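# Close look at the chain arrangement
Letter by letter, the chains look like this.
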Amino acid sequence: MMGMHLIDVKAVLQRTVSSMYGDLVTRPTGKAVRGGIEEALAGIGDEHAAVIDFSDVRCLDISCADEIVGKLLIEHGSVRYLLLHGVSVAHCEAIQQVLERHGLAVVARDRDGRLQLLGPMGDLVRRVFGILSVYGKARVEEVAARLAVEPAAAQEALEDLCHRRLAHKSADLFAALNLP
C-alpha cells in the first residue's frame with residue numbers, strides 16, 4: 001500500500017479562517033480551507049494517499065462540501081488517492097449531493113471505521129467495493145465467486161474502481177483505499 005498523509009480539516013480551518021471556528025459553512029470558508037489543503041498536498045508526493053480528516057468538524061454545508069471535496073476531486077482526483085476520514089452522516093449527505101452533481105466518487109470512512117463509497121456508482125461497482133472493504137485484498141476470481149458474477153464483470157468493476165482511484169492494484173490483488 002502507498003503511504004498515507006493525514007490532513008486535519010479542523011486544523012486547516014483554524015489556521016486559515018479562525019482559531020475559534022469549528023463549522024464548515026459558506027463558500028469563502030470552503031475555498032480558504034481547500035487552499036490550505038492544497039498547500040499540504042503540494043508538500044507530499046503523488047505516491048501518498050491524502051487522508052482528509054473531518055473527525056473534529058461539527059457541520060459541513062453543501063457549499064463548503066463543493067469547495068473542499070468537489071473541487072479537490074476535480075483538481076486532484078485523477079492523479080492522487082483521496083480518502084475522507086471521520087465523516088458523519090450529515091457530512092455524507094452534503095458530500096453526496098456534491099458528488100452526484102459533478103459525477104464524482106470518493107471513499108469515506110465513518111467515525112465507526114466503516115468504509116463507504118460516496119457518489120454515483122453502479123450497483124455492481126458498489127458490491128465489488130463492499131467485498132474489498134470487508135476482505136481487504138482480493139483477486140478477480142475471488143470477487144467474482146463471492147458475488148456470483150462472471151470474472152469479466154468483476155474485472156471491469158475492479159478496473160473502474162482503480163481508474164477512479166477508489167481502489168488500487170498490486171500484482172494480481174485489488175484493495176479498497178483504506179487507512180492502514
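Described in the following lines is the structure provided in the data block. Just so it is clear, the model here is predicted, and its values are computed rather than measured. (Residues numbered from 1 in each chain as written. Predicted model: local features only at pLDDT ≥ 70, side-chain atom pairs only at ≥ 80, totals over all residues. Heavy atoms only, no water.)

## Side note on empty space enclosed by the protein
- Within the structure shown, the criterion is met by one cavity of 30 Å³ or more.
- Of the voids in this model, the largest cavity is the one considered here, and its volume is about 50 Å³.
- If you trace the largest cavity, you find it lined by Ile52, Phe54, Ile68, Val69, Leu72, Leu73, Leu82, Leu84 and Val106.
- Those elements that place two or more of their residues in the lining of the largest cavity are helix 3 (62–76) and strand 5 (82–87).
- In terms of residue count, the dominant contributor to the lining of the largest cavity is helix 3 (four residues).
- A per-class count over the lining of the largest cavity returns nine nonpolar, no polar and no charged. (1 Å grid on protein atoms, 1.4 Å probe; cavity = no way out; pocket = protein on both sides within 12 Å on 5 of 7 lines; lining within 4 Å. Points joined across faces, edges and corners; volume = space filled by probe spheres on them. Helix = DSSP H or I, 4+ residues; strand = E, 2+ residues; numbered from the N terminus. Nonpolar A, V, L, I, M, F, W, Y, C, P; charged D, E, K, R; others polar.)

## A short note on the pairing of strand 3 (residues 49–53)
- Of all five residues that make up strand 3, five are buried, and the element is covered over most of its length.
- Of the two faces of strand 3, both are covered, the one formed by Ala49, Val51 and Asp53 as well as the one formed by Ala50 and Ile52.
- Pairing of strand 1 (residues 4–8) with strand 3, which is carried by five bridges, proceeds in the parallel orientation. In the sheet register, Asp8 faces strand 3, and the bridge partner there is Asp53.
- Taken together, the four bridges between strand 3 and strand 5 define a ladder with parallel strand orientation. In the sheet register, Ala50 faces strand 5, and the bridge partner there is Leu82. (Buried < 20%, exposed > 50% of the residue type's maximum accessible area, 1.4 Å probe, protein only. Pairing = 2+ DSSP bridges.)

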